[in-house]
Amino acid sequence: MRILPHRWPGAPVFATLIDRPNRFLALCRSGHRVVEAHVPDRGRCLDLLVPGQPLVLVEAAPQPGFPPRRTRYTALLARARTPPSPWVCLDPGGAPRLVAAALERGSLAPLAGCTIAAREVTLPRLRLRPRPRIDLLLRSPGGAEIPCEVKSVGAARDGVALFPDAPTLRGLRHLALLSRLARRGLPAALVLCAQRGDVHAIAADAGIDAAFARALRSARRAGVLVMGLACAAHPEGMELLGPVPVV
């Protein structure tokens, strides 16, 4: 088993969720202490961030030049309530790292041989306002630039990972941008990255966001490369499991 360390270093701190007062904050019990933890996942996390569910926290390291954080910890993993109850990663910002590692290992066949030219780029010469940033700018073996957006997927039902778990205007903007490029005959890619190890496919959740599901179908028809990647979450890091279909 090859483990990619989590984006945030530090020893795992095991805890239990007491409450989630808002999207950004979790009150947790660790041993005999009640601690506050920052929640990086802004979604609903309905099967994850439920009182009584186990969590893995990591202590936040001080950032030079920045004021101290209010929360001493970051909520890194949550145990899913629904069997088989895997650990699920709560770090959407870590998903592009997993896709980068999959590219290095040749796990995404439609992007075979591609390398990362840049990260977090705003593409020029597009009239969309506001212009969304794209997670990865890839370079093909032939030298072509391929914008690649990565979406972290944490929700699942019956072995299928589901995105999004809350309506996403940002996701719609990304699909509109990628679709526009594809209709011009330019390459564009979307990777849905399931950060849990109990899924065999990924799908758009039309019950949560019908507009996103329609836009995803439209993007595929336009020629956007749509891929799925499954990863298992562990307290010590993430395990790449490989590609899965987007159904």
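Reference entry: report on the structure contained in this document. (Residues numbered from 1 in each chain as written. Predicted model: local features only at pLDDT ≥ 70, side-chain atom pairs only at ≥ 80, totals over all residues. Heavy atoms only, no water.)

### Let's talk about the overall build of the protein
Working step 1: Across its full length, the protein holds three helices and 16 strands.
Working step 2: Compactness check: the protein gives a C-alpha radius of gyration of 18 Å against a globular reference of 18 Å for 247 residues, within 12% of the reference.
Working step 3: Oriented by its inertia axes, the alpha-carbon framework of the protein measures out at about 60 × 45 × 40 Å.
Working step 4: Here the protein holds 247 residues, and 51% of them are scored as buried. (Helix = DSSP H or I, 4+ residues; strand = E, 2+ residues; numbered from the N terminus. Rg over C-alpha atoms; globule rule 2.2 N^0.38 Å. Buried < 20%, exposed > 50% of the residue type's maximum accessible area, 1.4 Å probe, protein only.)

### What about the side chain of S140?
Working step 1: For S140, the location among the structural elements is in the loop between β9 (133-139) and β10 (145-153).
Working step 2: Once you skip the residues sitting within four places of it in the chain, S140 turns out to touch C114 and I146. (Contact = heavy atoms within 4.5 Å.)

### Quick word on the nonpolar core
Working step 1: Core analysis: the largest hydrophobic core is formed by 29 residues, its most contacted members being V99, L108, L111, L138 and L229.
Working step 2: Not counting the four nearest positions on each side in its chain, V99 is found in contact with L108, L136, V150, V191 and L229.
Working step 3: Listed in part, the 28 residues of the second largest apolar core include A182, L190, A222 and V226. (Core = buried A, V, L, I, M, F, W, Y, C linked by side-chain atoms within 4.5 Å.)

### Re the packing of helix α2 (residues 169-183) against helix α3 (residues 210-222)
Working step 1: Running from N to C, α2 and α3 point in directions that differ by 15°, and their axes come no closer than 9 Å. With respect to α3, the element α2 is oriented roughly parallel. For the pair α2 and α3, the crossing hand works out as left-handed. Along the contact surface, α2 presents G171, L172, L175, S179, A182 and R183, while α3 presents A211, F212, A215, L216, S218, A219 and A222.
Working step 2: Residue classes in the contact of α2 with α3 are distributed as nine nonpolar, three polar and one charged. (Axes fitted to C-alpha atoms, helices over the stretch in contact; angles between N-to-C directions. Parallel < 35°, antiparallel > 145°, perpendicular 65-115°, else oblique. Left-handed = near helix turned anticlockwise from the far one by under 90°. Nonpolar A, V, L, I, M, F, W, Y, C, P; charged D, E, K, R; others polar.)

### Regarding the sheet that holds strand β8 (residues 115-122)
Working step 1: Overall, mixed pairing links the seven strands, which are arranged β1-β16-β15-β13-β10-β9-β8 in an open sheet. Taken across any chain shown, the strands that pair with only one partner, and hence form the sheet edges, are β1 (3-4) and β8.
Working step 2: As paired elements, β9 and β10 share four bridges and run antiparallel to each other. Within the sheet, the bridge partner assigned to L136 lies in β10 and is C148.
Working step 3: The strands that α2 touches are β9, β10 and β13 (189-194); relative to β10, the one it contacts most, it runs at about 155°. (Pairing = 2+ DSSP bridges.)

### A few points about the pairing of β9
The side chains of a regular strand alternate, first on one face of the sheet and then on the other.
Working step 1: Across the seven residues of β9, five count as buried, placing the element largely inside the fold.
Working step 2: Note: β8 against β9, six bridges, orientation antiparallel. For R119, the partnering residue across the bridge sits in β9 and is L136.
Working step 3: Adjacent in sequence and paired antiparallel, β9 and β10 are bridged by five residues, among which G143 carries a positive phi angle near 100°.

### Section: the packing of aromatic side chains
Working step 1: Within the structure shown, the criterion is met by two aromatic pairs.
Working step 2: On the basis of an interplanar angle of 50° and a centroid distance of 6.5 Å, the ring pair of F14 and W87 is categorised as tilted. Highlighted residues: F14 in strand β2 (residues 13-22) and W87 in strand β7 (residues 87-89), separated in sequence by 73 residues.
Working step 3: The exposure class of F14 is partly exposed, given its relative accessible area of 47%.
Working step 4: Taking 5.2 Å as the distance between ring centres and 65° as the angle between the ring planes, the aromatic pair formed by F163 and F212 counts as edge-to-face. Within this pair, whereas F163 is found in strand β12 (residues 160-163), its partner F212 is found in helix α3, the two being separated by 49 residues in sequence.
Working step 5: With relative accessibility at 10%, the residue F163 sits in the buried group.
Working step 6: For the cation-ring pair, R79 lies above W87, with the distance from its terminal atom to the ring centre recorded as 4.2 Å. (Phe/Tyr/Trp six-rings, centres within 6.5 Å; stacked < 30°, edge-to-face > 60°. Lys NZ or Arg CZ within 6 Å of the ring centre and 35° of its normal.)

### Some details on the pairing of β12
Working step 1: Neither face of β12 is left uncovered, since the one carrying V160 and L162 and the one carrying A161 and F163 both have all their residues buried.
Working step 2: When strand β11 (residues 155-157) meets β12, the two strands line up antiparallel, connected through three bridges. In the strand pairing of β12, A156 is matched with A161.
Working step 3: A loop of two residues connects β11 with β12, the two strands running antiparallel in sequence, and D158 in this loop sits at a positive phi of about 55°.
Working step 4: Where β12 and strand β14 (residues 201-204) come together, four bridges link them in parallel fashion. Note on β14: the bridge partner recorded for F163 is A204.

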